[in-house]
There are 2 protein chains.
Amino acid sequence: MTSLRDVAERARVAVSTASAALNGTRPVAAATRRRVERAAAELGYRPNLLARGLQSKRTRILALLFPAPRGGFGLTEMQFATGAAEAAGELGYHLLLSPESAGPIEELRHLTGLGLVDGVLLMEVALDDERPRFLAEAGVPFAMIGRTREPGTIDYADIDFAATARDAVAHVAGLGHRKLALFNLAEDGHPAGYGPAVRAGEEFARAARERGLAYVAGFRPGSAEEGGKAFDDLLDAHPDVTALAVMDDRAAVGVITAVARRGLRIPEDLTLLLVLSSARVAEMFHPRLTTLEPPSTELGRLGARMLIDRLQGDGPPRQRLVPCRLVVGDSSAPPREGGGS
Amino acid sequence: MTSLRDVAERARVAVSTASAALNGTRPVAAATRRRVERAAAELGYRPNLLARGLQSKRTRILALLFPAPRGGFGLTEMQFATGAAEAAGELGYHLLLSPESAGPIEELRHLTGLGLVDGVLLMEVALDDERPRFLAEAGVPFAMIGRTREPGTIDYADIDFAATARDAVAHVAGLGHRKLALFNLAEDGHPAGYGPAVRAGEEFARAARERGLAYVAGFRPGSAEEGGKAFDDLLDAHPDVTALAVMDDRAAVGVITAVARRGLRIPEDLTLLLVLSSARVAEMFHPRLTTLEPPSTELGRLGARMLIDRLQGDGPPRQRLVPCRLVVGDSSAPPREGGGS
DNA sequence: CTGAAAGCGCTAACAC
DNA sequence: GTGTTAGCGCTTTCAG
């Protein structure tokens, strides 16, 4: 392991000068700097992050707090992680994956006490999440992927549910539909008060109202079976619904089956939208579903970047909302003449 | 930040004694130890990992080298990561997610030079992977999820393809099928010489032979479209095939479409198996597909555990093979009388 | 502009 | 058994 001392010796300077030359932390004569840089290159010098961190109190390591997967994990969560890891890497940071095994607060207390990480990235944030409070009080820099009910000045990157709902509603309204239903995320499988479920529910209702579209909500199927049942119940109560947005991919499966069972067809009799699921999943359906694809990788990247930003300097809160991307598939079409099914 | 010195002062002992009491690194009087432990607890003391690592050359951090996602990522990769992170956490280790942005070797050189990690976990290992060689030469402890062609004494956890193929073949043979086809992974979307593709190919062929089943291979569709085309080509050339194992979930979609297009039905006319895909994905198909589900989380856990094991003591190579789990769905049935379609 | 020296928090010899 | 001392490799005063 070649150390800074080796570099300094080879360049015939003091260790502190070598350090300065490499970090630009104080003025160094151009000639000296070049000697040091050459020596470092020749020796393949890599600064020891531990030593640096011990001294500077900054490790350039971020932790991504990883919730225990409840109902099996989705691609979305993975993309947060890869996006964050990539963005961190590009900025010279590392990303630590910290499973919340013991319970989030305990895990955080443990993690932050170690002096190992400069900041924490939170995901799967509940509206009344307790973790932000804890971190704020502990003075640990952090950012959220998602957001609490009242994020205040906390940094976050989240889905722009308002825009997403508007886009979705505009899409179906543009096709001529007059009545839309939403199957929200099931309550199990997610933390209570799960932001995306709540916000999507609110924003779809608002967008439909603003657009003058009749709107039905309240169904929250979390499996194929529940999805099918929900669809049957929906049509029994609201036979004039011609467009349906589903937030759970398994529920969508059940809907598709139920549609076929009723002798209906997609998209002729029903326009079906998959919300918050990846195009990769949408491709597995027939017909290929129109999707509102969450910008998961992007959110991961943003989260990491804003956290690093925050670490490197103060400033106003960084709060970013990114809408889902509307990918029009073959499950969207104008409603039948006369509407209803 | 409360340090060991604070603890020592409060317990009225020397710092080194406090250290020893807490780590059990040398005999300490019972009374003293209890005083130290109480002091530590009262102060909420957490050892500084950087300082400890700097001194002891051991950070208890593992890196998971994360390949750049090629054709979009699967759940499988995510489960490696979560499994490894969990197992590491249980053993007092941390897991660093390192994207191979710049190219694997460069990334490794960088990473290992930092003194930040005790060992490296490799995934997406190609048969002639260059990373193991590099790590071995650099003297960095590592383990693989997957394995090279000749793993020699390298630690690894991988899928037991032989057992998996035997189970799959036994399943279809047990139903009475006489001729099986395999759609292997496409060549793009994976590193050349991707172990799972090669080994699955070999082992399915062997298992079919041993079981006296006719066997067709050579098709490697990587998308729905290719899957459909491959199925058409397959039936044109081998109309007597009644069972098909598909390794790519998108290709499976195409197969299902093509089956319907031909007026055939699953499972009456074709028994369809999804290999190496998760049950979660299989659920999205209709009928729900019979699956050979990879033990991804388990492999991640095993990989982390064997690496930590290796770090803590020498010993014989740790090499573990875990078969896929056969989850029988509704896409398996005996062939029609007379076989063929 | 450069060098010498102190010290981050901890572990590990070495004395007592 | 316990305390004292010397670093791990680096950054950062402080002199020169």
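These figures come from a predicted structure and were not determined experimentally.

Caption draft 1: Focus on the protein's contact with DNA strand C. Surrounding DNA strand C, one finds 27 residues, the nearest of these being Arg26 and Thr32 of chain A together with Leu4, Ser16 and Tyr45 of chain B. Within 4 Å of the protein, atoms of DNA strand C come from sugar and phosphate in 62% of cases. Contact between DNA strand C and Thr17 of chain A: a phosphate oxygen at 2.8 Å from a side-chain N or O atom of the residue. The contact in question runs from a phosphate oxygen of DNA strand C to an N or O atom on the side chain of Thr32 of chain A, over 2.4 Å. Of all the elements in the fold, those that place two or more residues in the surface near DNA strand C are α2 (15–23) and α4 (49–56) of chain A together with α2 (15–23) and α4 (49–56) of chain B. The greatest single-element share of the surface near DNA strand C, amounting to four residues, is contributed by α2 of chain B. A class-by-class count of the residues in the surface near DNA strand C yields 11 nonpolar, 11 polar and five charged.

Caption draft 2: View of the protein's contact with DNA strand D. Not every one of the 28 residues close to DNA strand D is listed here, only the nearest: Leu4 and Tyr45 of chain A together with Arg26, Thr32 and Gln55 of chain B. Protein-adjacent atoms of DNA strand D, using a 4 Å cutoff, are sugar or phosphate at a proportion of 62%. Here a phosphate oxygen of DNA strand D sits 2.3 Å away from a polar atom, N or O, in the main chain of Leu4 of chain A. A distance of 2.9 Å separates a base oxygen of DNA strand D from a polar atom in the side chain of Ser16 of chain B. Elements represented by at least two residues in the surface near DNA strand D include exactly α2 and α4 of chain A together with α2 and α4 of chain B. Of the residues assigned to the surface near DNA strand D, the class counts are 11 nonpolar, 11 polar and six charged.

Caption draft 3: View of the packing of helix α1 (residues 4–11) of chain A against α2 of chain A. All names here are of chain A. Interaxial distance between α1 and α2 falls to 8 Å at its minimum, and their mutual angle equals 100°. Classified by the angle their axes make, α1 and α2 are roughly perpendicular. For the pair α1 and α2, the contacting residues are Leu4, Arg5 and Ala8 in the first and Val15, Ala18, Ser19 and Leu22 in the second. Considered class by class, the residues forming the contact of α1 with α2 number five nonpolar, one polar and one charged.

Caption draft 4: Representation of the side chain of His94 of chain B in the model. Relative to the assigned elements, His94 of chain B resides in strand β2 (residues 94–99). By relative accessible area, which is 9% here, His94 of chain B ends up buried. Not counting residues up to four positions away in its chain, the partners in contact with His94 of chain B are Leu96, Leu111, Leu114 and Leu116 of chain A together with Leu49, Arg60, Ile61 and Leu62 of chain B.

Caption draft 5: Seen up close, the interface of chain A and chain B. Facing the 47 residues of chain A at the interface are 47 residues of chain B. Taking both partners together, chain A and chain B bury about 4400 Å²; carbon and sulfur atoms supply 67% of that area. Seen at the junction of chain A and chain B, the total is one salt bridge. Between Arg250 of chain A and Glu283 of chain B there is a salt bridge, with its nearest N and O atoms 2.9 Å apart. For the pair chain A and chain B, the number of links is six residue pairs in polar contact (both at pLDDT 80 or more). Of all elements in the fold, only α4, β1 (61–66), α5 (75–90), β2 (94–99), α6 (104–113), α11 (249–261) and α12 (279–282) of chain A reach the threshold of two or more residues within the side of chain A that touches chain B.

Caption draft 6: Broad picture of the relation of the copies chain A and chain B. When chain A is fitted to chain B, the best match, at an RMSD of 0.1 Å, comes from turning it 180° and sliding it 0.1 Å along the axis. Here the transformation between the copies is reduced to the relation of a two-fold axis. Judged by C-alpha distance, Leu96 of chain A is the residue of chain A that lies nearest the rotation axis, at 2.2 Å. Looking at chain A, 100% of its interface residues are interface residues in chain B too, so the copies touch through the same face.

Caption draft 7: Broad picture of the packing of aromatic side chains. All names here are of chain A. All told, the structure shown has two aromatic pairs over all chains when counted by the stated rule. Judged by centre distance (5.5 Å) and plane angle (55°), the rings of Phe183 and Phe219 are tilted. Placement of Phe183 in strand β6 (residues 179–183) and of Phe219 in strand β7 (residues 214–219) is noted, with a sequence separation of 36 residues between them. What makes Phe183 buried here is its relative accessible area of 0%.

Caption draft 8: Representation of the pairing of β2 of chain A within the structure. Within β2 of chain A, six of the six residues are buried, leaving the element largely enclosed by the surrounding structure. Residues His94, Leu96 and Ser98 of chain A point to one face of β2 of chain A and Leu95, Leu97 and Pro99 of chain A to the other, with burial holding for every one of them.

Caption draft 9: Spotlight on the pairing of strand β3 (residues 119–122) of chain A. Residues and elements named next belong to chain A. The two faces of β3 match: Gly119 and Leu121 on one face and Val120 and Leu122 on the other face are all buried. As paired strands, β1 and β3 are joined by four bridges and run parallel to one another. From the neighbouring strand, Leu62 faces β3, where its bridge partner is Gly119. One ladder, built from three bridges, connects β3 with strand β4 (residues 142–145); its direction is parallel. From the neighbouring strand, Leu122 faces β4, where its bridge partner is Met144.

Caption draft 10: A look at the sheet that holds strand β1 (residues 61–66) of chain B. Strand order in the open sheet made by the 12 strands is β11(A)-β5(A)-β4(A)-β3(A)-β1(A)-β2(A)-β2(B)-β1(B)-β3(B)-β4(B)-β5(B)-β11(B), with mixed pairing throughout. At either end of the open sheet lies a strand with only one pairing partner, and these are β11 (319–322) of chain A together with β11 (319–322) of chain B. Along the sheet, successive strands turn relative to each other by an average axial angle of 20°, direction set aside.

Caption draft 11: Structural view of unusual backbone geometry. Residue Pro267 of chain A is bonded to the preceding Ile266 of chain A through a cis peptide linkage, with omega at 5°. Within the secondary structure, Pro267 of chain A is located in the loop between α11 and β9 (271–275). The backbone of Arg12 of chain B shows a phi angle near 60°, a positive value even though the residue is not glycine. Turning to its location among the elements, Arg12 of chain B is positioned in the loop between α1 (4–11) and α2. Overall, the relative accessible area of 74% leaves Arg12 of chain B in the exposed class.

So, how was this worked out
Residues numbered from 1 in each chain as written. Chains lettered and ligands numbered in written order. Predicted model: local features only at pLDDT ≥ 70, side-chain atom pairs only at ≥ 80, totals over all residues. Heavy atoms only, no water. Near = heavy atom within 4 Å. Polar contact = N/O pair within 3.5 Å; in protein donor to acceptor, adjacent residues only side chain to side chain. Helix = DSSP H or I, 4+ residues; strand = E, 2+ residues; numbered from the N terminus. Nonpolar A, V, L, I, M, F, W, Y, C, P; charged D, E, K, R; others polar. Axes fitted to C-alpha atoms, helices over the stretch in contact; angles between N-to-C directions. Parallel < 35°, antiparallel > 145°, perpendicular 65-115°, else oblique. Contact = heavy atoms within 4.5 Å. Buried < 20%, exposed > 50% of the residue type's maximum accessible area, 1.4 Å probe, protein only. Buried area = accessible area lost by both parts, 1.4 Å probe. Salt bridge = Lys/Arg side-chain N within 4 Å of Asp/Glu carboxyl O. Least-squares fit on C-alpha atoms with pLDDT ≥ 70 in both. Phe/Tyr/Trp six-rings, centres within 6.5 Å; stacked < 30°, edge-to-face > 60°. Pairing = 2+ DSSP bridges.

Treat this as a map of the structure, not an account of what it does.
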